[in-house]
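# A structural walkthrough
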Amino acid sequence: MAKAGDIGTRIAALREEIRHHNYRYHVLDDPEIPDIEYDRLMRELQGLEEVHPELVTPDSPTQRVGAEPVAAFGTVEHRVPMLSLDNAFSDEELQSFDRRVREKLEREEGEVVEYAAEPKLDGAAVSLLYEAGVLVRGATRGDGRIGEDITHNIRTIDGVPLRLRGSGYPGVIEVRGEVFMPREGFRAYNEEAAKTGGKLFVNPRNAAAGSLRQLDPKLTAQRPLDIYLYGVGYVEGDDVGASHSETLDRLQGWGLKTCPERRVVSGVDGCKAYYDDIAGKRDGLPYDIDGVVYKVNRISEQRELGFVSRAPRWAIAHKFPAQEELTVVRAIEFQVGRTGALTPVARLEPVFVGGVTVSNATLHNIDELHRKDVRVGDTVIVRRAGDVIPEVVGVIADRRPKGARKVGLPKKCPVCDSAVTREEGEAVARCTGGLVCAAQRIEALKHFVSRRAMDIEGFGAKLVEQLVSLDRLHTPADIYTLTRDELAGLERMGEKSAENLLESIEKSKSTTFSRFLFALGVRDVGEATAMSLAGHFGNLQALQSADEPALLEVADVGPVVASRIKAFFSESHNLDVIRELQRSGVTWEEREVAASNTDGKLAGQTFVLTGTLSGMTRDQAKDLIVSMGGKVTGSVSAKTSYVVAGDKPGSKLKKAEDLGVTVLTEDELRSIISD
Ligand code: IVH
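Below is a summary of the structure that appears in this document. (Residues numbered from 1 in each chain as written. Predicted model: local features only at pLDDT ≥ 70, side-chain atom pairs only at ≥ 80, totals over all residues. Heavy atoms only, no water.)

### Here we look at the overall build of the protein chain
Basically, it comes down to this: For helices the rule is a DSSP run of H or I covering at least 4 residues; for strands it is a run of E covering at least 2, with both sets numbered from the N terminus onward. Here the globule rule is a power law, 2.2 Å times the number of residues to the power 0.38, and the radius of gyration is based on C-alpha atoms. Exposed residues in this analysis have more than 50% of their type's maximum accessible area, buried residues have under 20%, and partly exposed residues fall in between, with area computed by a 1.4 Å probe over protein chains only. Contact definition: two residues touch when any of their heavy atoms are within 4.5 Å. Computed with a 1.4 Å probe, the accessible areas rest on the Shrake-Rupley method; for each residue, only the protein chains presented here act as cover. Think of it this way: Lys and Arg go in the positive column, Asp and Glu in the negative one, and His and the chain ends go nowhere. Where a charge lies is defined by one atom per residue type: Lys uses NZ, Arg uses CZ, Asp uses CG and Glu uses CD.
The secondary structure content of the protein chain amounts to 24 helices and 24 strands. Since a compact globule built from 675 residues should have a radius of gyration of about 26 Å, the 33 Å found for the protein chain marks it as more spread out than a globular shape. Counting all 675 residues of the protein chain, 49% fall into the buried class. Within the protein chain, residue pairs in contact and separated by at least 24 positions form 67% of the contacts whose partners lie at least 6 positions apart. Total accessible area on the protein chain stands at roughly 32900 Å², and carbon and sulfur atoms take up 50% of it. Counting 88 positive and 105 negative side-chain charges, the protein chain places the centres of these two groups 2 Å from one another.

### Details of the sheet that holds strand E9 (residues 263–266)
Note the following rule: A pair of strands is considered paired only if DSSP assigns at least 2 bridges between the two. Axes here refer to lines fitted to C-alpha atoms; in helices the fit is confined to the stretch in contact. Angles between the N-to-C directions go from 0 to 180 degrees.
Taken in spatial order, the 5 strands line up as E2-E13-E10-E3-E9 in an open sheet, and their pairing is mixed. This sheet does not close on itself; its edge strands, each paired only once, are strand E2 (87–88) and E9. The pairing of strand E3 (residues 114–121) with strand E10 (residues 289–296) spans 7 bridges and is classified as antiparallel. Within the sheet, the bridge partner assigned to Ala 116 lies in E10 and is Lys 295. Together, E2, E3, E10 and strand E13 (315–319) form the strand contacts of helix H3 (residues 91–104), whose direction differs from that of E13 by roughly 170 degrees. In the packing of helix H9 (residues 267–281) onto the sheet, the strands contacted are E3, E9, E10 and E13, and the crossing angle to E9 comes to about 135 degrees.

### Quick look at the site of the ligand
Operational definition: Any residue with at least one heavy atom within 4 Å of a molecule or strand is counted as near it. Definition of a polar contact: a pair of N or O atoms within 3.5 Å, with one able to donate and the other able to accept a hydrogen when the atoms are protein atoms, and with sequence-neighbouring residues admitted only if both atoms are side-chain atoms.
In the neighbourhood of the ligand, 14 residues make up the surrounding shell, with Glu 118, Leu 121, Glu 178, Tyr 230 and Lys 295 lying closest. Take Glu 178: an N or O atom from its side chain is 2.4 Å from an oxygen atom of the ligand. With respect to the ligand, the side chain of Lys 295 contributes an N or O atom lying 2.9 Å from a nitrogen atom. Across the complex, the protein chains shield 85% of the 520 Å² of accessible surface that the ligand would expose by itself.

### A look at the environment of Arg 451
Looking at the secondary structure, you find Arg 451 in the loop between helix H12 (438–449) and helix H13 (461–469). The exposure class assigned to Arg 451 is exposed, which follows from its relative accessible area of 58%. Put simply, Arg 451 and Arg 591 are 140 residues apart on the chain and 24 Å apart in space, counted from C-alpha to C-alpha.

### Let's talk about unusual backbone geometry
Even without glycine at this site, Asp 417 takes up a positive phi of about 75 degrees. The phi dihedral of Asp 524 is positive, around 70 degrees, even though this residue is not glycine. Looking at the element boundaries, Asp 524 is found in the loop between helix H16 (513–520) and helix H17 (527–537).

### A short note on the nonpolar core
Our working definition: Among buried residues, the Ala, Val, Leu, Ile, Met, Phe, Trp, Tyr and Cys ones that are joined through side-chain atoms within 4.5 Å form a nonpolar core.
Phe 459, Ile 479 and Leu 533 are the most contacted members of the largest nonpolar core, which totals 53 residues. A total of 6 residues in this core trace back to one element, the largest contributor, which is H16. Leaving out residues up to four positions away in the same chain, Phe 459 has contacts with Val 449, Val 464, Leu 467, Leu 473, Ile 479, Leu 482, Leu 501 and Ile 505. Residues Tyr 130, Val 175, Leu 229 and Leu 251 belong to the second largest nonpolar core, which totals 31 residues.

### Let's talk about the pairing of E3
Most of E3 is tucked away, with 7 of its 8 residues classed as buried. Across 4 bridges, the pairing between E3 and E9 is antiparallel. Paired with Ala 117 across the bridge in E9 is Arg 263.

### A short note on the environment of Gln 222
When you line up the elements, Gln 222 lands in the loop between helix H7 (217–221) and strand E8 (226–235). With relative accessibility at 58%, the residue Gln 222 sits in the exposed group. In the structure, Gln 222 is positioned 151 residues away from Asp 373 in sequence and 28 Å away in space, judged by C-alpha atoms.

### A short note on the packing of aromatic side chains
Counted only if it meets this: Two aromatic rings, drawn from Phe, Tyr or Trp (for Trp, its six-membered ring), form a pair once their centres lie within 6.5 Å of each other, and the interplanar angle then sorts them: stacked below 30 degrees, edge-to-face above 60, tilted otherwise.
Throughout the structure, instances matching the rule amount to 11 aromatic pairs. Ring centres of Tyr 169 and Trp 254 lie 6.2 Å apart, and the angle between their planes is 90 degrees; this geometry places the pair in the edge-to-face category. One end of the pair, Tyr 169, is in the loop between helix H4 (151–154) and strand E7 (172–180); the other, Trp 254, is in the loop between helix H8 (244–253) and E9, with 85 residues separating them in the sequence. We note that Tyr 169, like Trp 254, is buried. Between Phe 568 and Phe 569 the ring centres are 5.3 Å apart and the planes differ by 85 degrees, which places this aromatic pair in the edge-to-face class.

### Some words on a negative patch on the surface
In plain terms, the rule: What makes a patch is a set of residues exposed beyond 30% relative accessible area and free of salt bridges, joined within 9 Å when like-charged and within 5 Å when nonpolar (Val, Leu, Ile, Met, Phe, Trp, Tyr). Here, a salt bridge means any Lys or Arg side-chain nitrogen found within 4 Å of an Asp or Glu carboxyl oxygen.
A surface patch of like charges, here negative, comprises Asp 91, Glu 92, Glu 93 and Asp 276. When residues of the negative patch are assigned to their parent elements, the largest contribution, 3 residues, is made by H3. Position of Asp 276 relative to the elements: it lies in helix H9.

### Considering helix H21 (residues 572–583)
Put simply, the rule reads: What a helix is expected to span follows from its residue count: subtract one and scale by 1.5 Å. Regarding the arc, it is the one traced by the directions from the helix axis to the C-beta atoms.
The end-to-end C-alpha distance of H21 is 16 Å, a good match for the 16 Å that 12 residues give at a rise of 1.5 Å each. Among the residues of H21, those classed as buried are Asn 574, Val 577, Ile 578 and Leu 581. Viewed along the axis of H21, the buried residues span an arc of 100 degrees, placing them on a single side of the element. Turned more than 90 degrees off the buried face of H21, the exposed positions are Ser 572 and Arg 583. Packing partners of the buried residues in H21 comprise H12, H16, helix H18 (540–544) and helix H20 (559–569). Positive phi appears at Gly 585, one or two residues downstream of H21, with a value of about 110 degrees.

### A short note on the sheet that holds strand E23 (residues 642–645)
Spatially, the 4 strands line up as an open sheet ordered E22-E21-E23-E24, and their pairing is parallel. Of all the strands in the sheet, just strand E22 (631–633) and strand E24 (662–664) have a single pairing partner and so form its edges. The sheet shows a mean angle of 35 degrees between the axes of neighbouring strands, taken without regard to direction. Across 3 bridges, E23 lies against E24 in parallel orientation. Among the inter-strand pairings, Tyr 642 is bridged to a residue of E24, identified as Thr 662. Seen against the sheet, helix H23 (residues 651–659) touches strand E21 (606–610), E23 and E24 and runs at an angle of roughly 140 degrees to E21.

### Topic: the side chain of Thr 475
As for its placement among the helices and strands, Thr 475 is situated in the loop between H13 and helix H14 (484–488). You can call Thr 475 buried: its relative accessible area is 16%. Setting aside chain neighbours within four positions, we find Thr 475 in contact with Leu 445 and Val 577.

### Looking at helix H2 (residues 35–51)
With 17 residues, H2 extends 25 Å from end C-alpha to end C-alpha; this agrees with the ideal 24 Å at 1.5 Å per step. For H2, the set of buried residues is Leu 41, Met 42, Leu 45, Leu 48 and Glu 49. Looking straight down H2, one finds its buried side chains confined to an arc of 130 degrees; they lie on one side. The exposed residues of H2 that point more than 90 degrees off its buried face are Asp 35, Ile 36, Arg 43, Glu 50 and Val 51.

### Side note on the packing of H3 against H9
Just so we agree on the cut-off: Less than a right angle of anticlockwise turn of the near helix away from the far helix marks a crossing as left-handed, whereas a clockwise turn marks it as right-handed. Gly is placed with the polar residues, together with every amino acid not listed as nonpolar (Ala, Val, Leu, Ile, Met, Phe, Trp, Tyr, Cys and Pro) or charged (Asp, Glu, Lys and Arg).
One can describe the packing of H3 onto H9 by two numbers: an axis separation of 10 Å at closest approach and a directional angle of 145 degrees. For the pair H3 and H9, the crossing hand works out as right-handed. On H9, the residues that touch Asp 91, Leu 94, Gln 95 and Asp 98 of H3 are Val 268, Cys 271 and Lys 272. Of the residues assigned to the contact of H3 with H9, the class counts are 3 nonpolar, 1 polar and 3 charged.

See the structure below:
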């Protein structure tokens, strides 16, 4: 049995080591050991503390979620008030801020002020109190003077050290910063909540604030929260650094996280350049920000400048244009896609948000529409962030006009009047009109002519739309009946382009079985599946007459895809289109696929696959090669005919090169198979 003294030493060493790795991981973002090793250290410490509860201390890394739920939040009076910031919404407002600063500091003309610049994080402001290096209290900002005691929740945030690192920190120090929910965590959290029927958060800011106000710390511990510290409040003893940037450097050294995007800049020009730089990076940052903050860097100058009412004269928030705005829903309509999927779209009172005027916003699908319960006349929050399509975030419930009615799923397609169905367990409702529906037709035709399908050069989306609206294209087969005069007579089309287009249409007639299959646009049959099917069955007749068990033999064809294929070929109008296409001269090479395949195109050839393929799985590639009579083996030898190298190929590539074996790219393999 180990002596208690030895165990105490081991516990102390483990805590020290775990704190070190916390610092590497959370503060420096540069872990030294894999997670599994970290978990092992944690488990060892937990084990020892379980056997020796008398050795547990509140600052032990194991003590994050220990606390019992509180009945209500206690209050905390901030010894130094937590102020807010004035805002600048334009370069002019930033300039007048800088002018006021320079005047008050009696700077000469042309003499610039040094600013500490940092992102304005979109979360919840908190205060953390450390005594003798140990976290003793966490509080919300509240009204700036009195906040709520959320120590039990703050402790659950892994980025918050329970004990400061190193030495030299003041005996009592209160630091301030922003708790936020990183976007990825927010997305994952909401995805999970949607699955389990839990409450969704509107945005990461609400998620952070809501999570901090849980009475039970176990709930907070499940929320992916993080923190950046951006200042100090009450400090016992001397200043912590002569400048703001130095203060943050010191906090970081003590294990407190600061924002990696913070910089020191010179004068108003430096501020503007920083603003532009961060605005450019904004969409790629892992957390939400709503602007940047500039703070006069020298603490002595901050003192000289002082405060006005509730905001310092030495700092300002330079805000980005809002990404969320309020507007009113004028109508809710349903758009129809290629596979007939109905997407509800809110038509909005135009509103300027995220830098553009938005008048439509997606509601994704009918479940989403009902979950958000958006109705015509509602005032809604519209969000447009970066290049993301605008979406309705939520409804302002108490602004709903009287009599606003719930929007139901239409029974008939708004474009073609065919019935709308919704399969069991599917979020998506679909129009059953198929190619009868103009909306589906347009999308299906665009797909048919596209590069990886029939590859009709010059047949663009606009032309498809034009011809459908003229009622000239009903099915893909109609493409092959277009005449030169007809085409030349279209808007924005000359003799020469009509000529070229006819030539590409003619050229597309000689195709491959797999391209043709892909072009048909059978639901869930992508390019790779089309290739597998073509390789496996060899000819249209064999595929058309295959029953579901036969289809299931093909790599990557599961029950859903098999039933889609079956359904497609049992629709007489689909068979009509195929027949017409063939009659117009669309042809491809057909093969009998014999059981042994000795006469397959790749008979006698041996392939080795290495690396990741992008357009198909390795199993699919293997199935294709085998279906054409080839062999796939695991190792390269002088007998290997080809090595197919995908992304990050292994040592097999090197071996192939050494032995002089032909190396193919994925595209080269594709063309061997499909030609
Ligand atoms: S400094 C006296 N720095 O913005 C200075 N605030 O209206 C007080 N905020 O409630 C704050 N990022 O939660 C500062 N880098 C940053 C910030 C920041 C976000 C929030 C903070 C405060 C509000 C100020």
